Amino acid sequence: MKKNIFSLAAVAASALALASCGSKPAAPTTVDGVVLDASMNNITLVTTAGDTLNISTMNADPAKVPGVLIDDSVKLTYAEVDTDGVKVRQAQELTVTAHSPYYYIQGAWVESNPIDSTQVQGMQLNQNGTASSINMATLQFKAWNLTTPNTLILNATSIGNGQTTEGADTLTIVKLNADSLVLANKGGYVMWRLARQK
C-alpha cells in the first residue's frame, strides 16, 4: 500500500513539473531592424534577416519603448505572450540606433535672404506633413513628403504677376543632419542650402 501511495505521489509530482515547464513564457528575443510602419499600439519591423514582424506596443513602458518614426533603425526586445489563445509579440525594450530622415528633416530651415542679408527665408516642415514658408510672400509651402530617404516632395503655391499656381517640386536631399539641409533639383543643381533655425 505504501509503495502504491509513493508511486502515485511521484507521478503527480512529475505531471506538475511538466505542466509548470509547459506554461513557462518564452525567453525574450532581441532583433535589429528598420521600422516599416508604426502606430500608437503597433510597430512593423523589417529585421536584418529580412523578416517582417508585427510587434505590439500596447501597455509597454514608454520609458523602455519610446515612440519611433518610419525608417528608424532600432534594436528591439520582445516576448511572445498568449492573448486569448493568440500568440502576440509584445515589445519590452526598444533603442533607436539610427534616426530616420523623418526625424532630422522636421523643423524650421532657413538661409540668408539674397536680397537682404539681415533677413532669413526658408521653410517649416511639420511632423504631420504640412509645411509653411518663412519670410517668403510669393512662395507658400503647403505640404511635404519623403518618398525615399533621399527624395523630398514639396507642395507649394506660387503667387506673382497676378497669377497663382499650385505645384510640387521633387528635390534630392544632398545633405541632411541635425543642423544642415542641402537640396538639389533633378539636374543636380543645388537649390537650397539651409541651416536649422534655432
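Coordinates for the structure precede this section.
Residues numbered from 1 in each chain as written. Predicted model: local features only at pLDDT ≥ 70, side-chain atom pairs only at ≥ 80, totals over all residues. Heavy atoms only, no water.

A separate point is the overall build of the protein chain. Assigned secondary structure in the protein chain consists of 2 helices and 13 strands. For the protein chain, buried positions account for 31% of its 198 residues. In the protein chain, 36% of the contacts between residues at least 6 apart in sequence involve partners at least 24 apart. Entry remark: accessible area of the protein chain is about 12,500 Å², with carbon and sulfur atoms responsible for 54%. (Helix = DSSP H or I, 4+ residues; strand = E, 2+ residues; numbered from the N terminus. Buried < 20%, exposed > 50% of the residue type's maximum accessible area, 1.4 Å probe, protein only. Contact = heavy atoms within 4.5 Å. Areas by Shrake-Rupley, 256 points an atom, 1.4 Å probe, with all protein chains shown as cover.)

Time to look at the sheet that holds strand 6 (residues 107-112). Ordered by their spatial adjacency, 8 strands build an open sheet running 8-7-6-13-12-11-10-9, and the pairing between neighbours is antiparallel. Strands at the two margins of the open sheet, each flanked by one partner only, are strand 8 (131-134) and strand 9 (139-148). If you compare each strand with its neighbour and ignore which way they point, the axes differ by 30° on average. Relative to strand 8, strand 7 (residues 120-125) runs antiparallel, the two being bridged by 4 bridges. From the neighbouring strand, Met123 faces strand 8, where its bridge partner is Ser133. (Pairing = 2+ DSSP bridges. Axes fitted to C-alpha atoms, helices over the stretch in contact; angles between N-to-C directions.)

Turning our attention to the environment of Ala38. Residue position: Ala38 is located in strand 1 (residues 29-38). Its relative accessible area of 30% is what places Ala38 among the partly exposed residues. Separated by 30 residues in sequence, Ala38 and Val68 have C-alpha atoms that sit 7.1 Å apart. For Ala38, the residues in contact, after removing those within four places along its chain, are Ile43 and Val68.

Glancing now at the pairing of strand 12 (residues 180-184). A large share of strand 12 lies buried, amounting to 5 of its 5 residues. Residues Ser180, Val182 and Ala184 of strand 12 are buried on one face, and the alternating residues Leu181 and Leu183, pointing to the opposite face, are buried as well. The pairing of strand 11 (residues 163-176) with strand 12 spans 4 bridges and is classified as antiparallel. Of the residues in strand 12, the one forming a bridge with Ile173 is Leu183. Here strand 11 folds back onto strand 12 in antiparallel fashion, the turn holding 3 residues.

Here we take up the side chain of Thr77. Position of Thr77 among the secondary structure elements: in strand 4 (residues 73-83). Residue Thr77 is classed as buried on the basis of its relative accessible area, which comes to 18%. Only 2.8 Å separates the side chain of Thr77 from the side chain of Thr30, close enough to count as a polar contact. Those residues in contact with Thr77 that lie beyond four places of it in its chain are Pro28, Thr29, Thr30, Gln90, Ala91, Gln92 and Glu93. (Polar contact = N/O pair within 3.5 Å; in protein donor to acceptor, adjacent residues only side chain to side chain.)

The final tally for this structure, using the stated rule, is 2 salt bridges. Where Lys75 meets Asp32, a salt bridge forms, and the shortest distance between an N and an O atom there is 3.1 Å. You can see Lys75 sitting in strand 4 and its partner Asp32 sitting in strand 1, a full 43 residues away along the chain. By relative accessible area, Lys75 is classed as partly exposed at 38%. Note that Lys198 is salt-bridged to Asp179, the shortest N-O span being 3.1 Å. One end of the pair, Lys198, is in the segment after strand 13 (190-196); the other, Asp179, is in the loop between strand 11 and strand 12, with 19 residues separating them in the sequence. (Salt bridge = Lys/Arg side-chain N within 4 Å of Asp/Glu carboxyl O.)

Time to look at unusual backbone geometry. Its identity as a non-glycine residue notwithstanding, Asn59 has a phi of 65°, on the positive side. In this fold, Asn59 is placed in the loop between strand 3 (52-56) and strand 4. Even without a glycine there, the phi angle at Asn135 is positive, about 60°. Along the chain, the position of Asn135 falls in the loop between strand 8 and strand 9. The class for Asn135 is exposed, based on a relative accessible area of 52%.

None of the figures reported here should be taken as evidence of function without further support.
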